[in-house]
Amino acid sequence: MRRTLSSLWLSALLLSACNSADNIGNADKNEGDNIEPVGSYDIDPASGEVRATHTDADGVTTTMLAGKDVPPDLPEPFLLYPGAQVTGTTRVDHGEGAFVTLDFTTSDERAQVVEYYREQALEAGIDPEVEIDGTNATTLGGENREDGISITLSVTKEGSMTEAQLSVARGFE
């Protein structure tokens, strides 16, 4: 379930690109042969990094990068957990908006990771509305509608390692 949200974004992006490509293929043949592609999708065979781009009818471009070597650039004020080992990043940019999901591990305790991101959420004007603390997992989430920023954090303890998935969106409606 770690990559569910990232997979949903990827599926939505690809579906919209496929629909647009289908529409281009059905365009009136009398309009000419100069129809530009509106999307692309490729996988780097060496790194496994996925790259996709789609431009909608309004000219807004959506890009998606996913892979273990994608830079973990989060919308401000959020930062990567200190000393974390990033295991995967998915970044979707849509117009002025950005959505980033990071999967990472750390040897620190689950509570330390949760507190680190709770403080950053508060700095972003987000009073976390969701906090579920179970035996082995914690989920934290909330949004600042005025500034258009949201956070979702899921942290689990697996043996000596803490695994986390952080999703931050800014500028998405």
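Structure report, in brief. What you see is a predicted model; the values in this text were computed from it and never measured.

With that out of the way, let us pick up the overall build of the protein chain. Of regular secondary structure, the protein chain possesses two helices and nine strands. The order of α-helices and β-strands along the protein chain, N terminus first, is α-β-β-β-β-β-α-β-β-β-β. In the protein chain, which comprises 173 residues, the proportion classed as buried is 35%. Counting only contacts in the protein chain whose residues sit at least 6 apart along the sequence, the fraction spanning at least 24 positions is 49%. Accessible surface, the protein chain: about 10000 Å² in total, of which carbon and sulfur atoms supply 50%.

Now for the sheet that holds strand β5 (residues 97–106). Sheets are built from strands paired through backbone hydrogen bonds, the pairs being either parallel or antiparallel. Taken together, the nine strands give an open sheet; going across it, the order is β1-β2-β3-β4-β5-β9-β8-β7-β6, and neighbouring strands pair in antiparallel fashion. In the strand order of this sheet, the two ends are held by β1 (39–43) and β6 (130–133), each with one partner. Mean inter-strand twist for the sheet, computed between neighbouring axes without regard to direction, equals 5 degrees. Running at roughly 175 degrees to strand β8 (residues 149–158), helix α2 (residues 110–123) makes contact with β5, β6, β7 (137–144), β8 and β9 (161–170) of the sheet.

Our focus in this paragraph is the packing of aromatic side chains. In this structure the tally under the stated criterion is four aromatic pairs. Arranged with centres 5.1 Å apart and planes meeting at 80 degrees, the rings of Tyr81 and Tyr116 form a pair that is edge-to-face. You can see Tyr81 sitting in the loop between β3 (61–67) and β4 (85–94) and its partner Tyr116 sitting in helix α2, a full 35 residues away along the chain. Given the relative accessible area of 6%, Tyr81 is considered buried. With centroids separated by 5.0 Å and ring planes inclined at 90 degrees, the aromatic side chains of Tyr116 and Tyr117 adopt a geometry described as edge-to-face. For Tyr117, a relative accessible area of 0% corresponds to the buried category. Pairwise contacts between aromatic rings join Tyr81, Phe104, Tyr116 and Tyr117 into one cluster.

The pairing of β6 with β7 spans four bridges and is antiparallel. Within β7, the residue paired with Asp133 across the bridge is Thr138. Count of turn residues in the β6/β7 antiparallel hairpin: three residues. Between β7 and β8, which pair antiparallel in sequence order, lie four residues; one of them, Gly148, sits at a positive phi of approximately 65 degrees.

Here we take up the environment of Val50. Secondary-structure assignment places Val50 in strand β2 (residues 50–55). Assessed through its relative accessible area of 12%, Val50 is described here as buried.

Relative to the elements of secondary structure, Ile126 occurs in the loop between α2 and β6. Ile126 sits 20 residues away from Glu146 along the chain, and the two C-alpha atoms are 10.0 Å apart.

Let us look at the nonpolar core. Phe78, Phe104, Tyr117, Ile151, Leu153 and Leu166 are the most contacted members of the largest nonpolar core, which totals 21 residues. Within the residue set of this core, elements represented by two or more residues are β5, α2, β8 and β9. Counting residues in each nonpolar core, the second largest holds seven residues, with Ala52, Ala66, Phe99 and Ala169 among its members.

Parameters and conventions
- Residues numbered from 1 in each chain as written.
- Predicted model: local features only at pLDDT ≥ 70, side-chain atom pairs only at ≥ 80, totals over all residues.
- Heavy atoms only, no water.
- Helix = DSSP H or I, 4+ residues; strand = E, 2+ residues; numbered from the N terminus.
- Buried < 20%, exposed > 50% of the residue type's maximum accessible area, 1.4 Å probe, protein only.
- Contact = heavy atoms within 4.5 Å.
- Areas by Shrake-Rupley, 256 points an atom, 1.4 Å probe, with all protein chains shown as cover.
- Pairing = 2+ DSSP bridges.
- Axes fitted to C-alpha atoms, helices over the stretch in contact; angles between N-to-C directions.
- Phe/Tyr/Trp six-rings, centres within 6.5 Å; stacked < 30°, edge-to-face > 60°.
- Core = buried A, V, L, I, M, F, W, Y, C linked by side-chain atoms within 4.5 Å.

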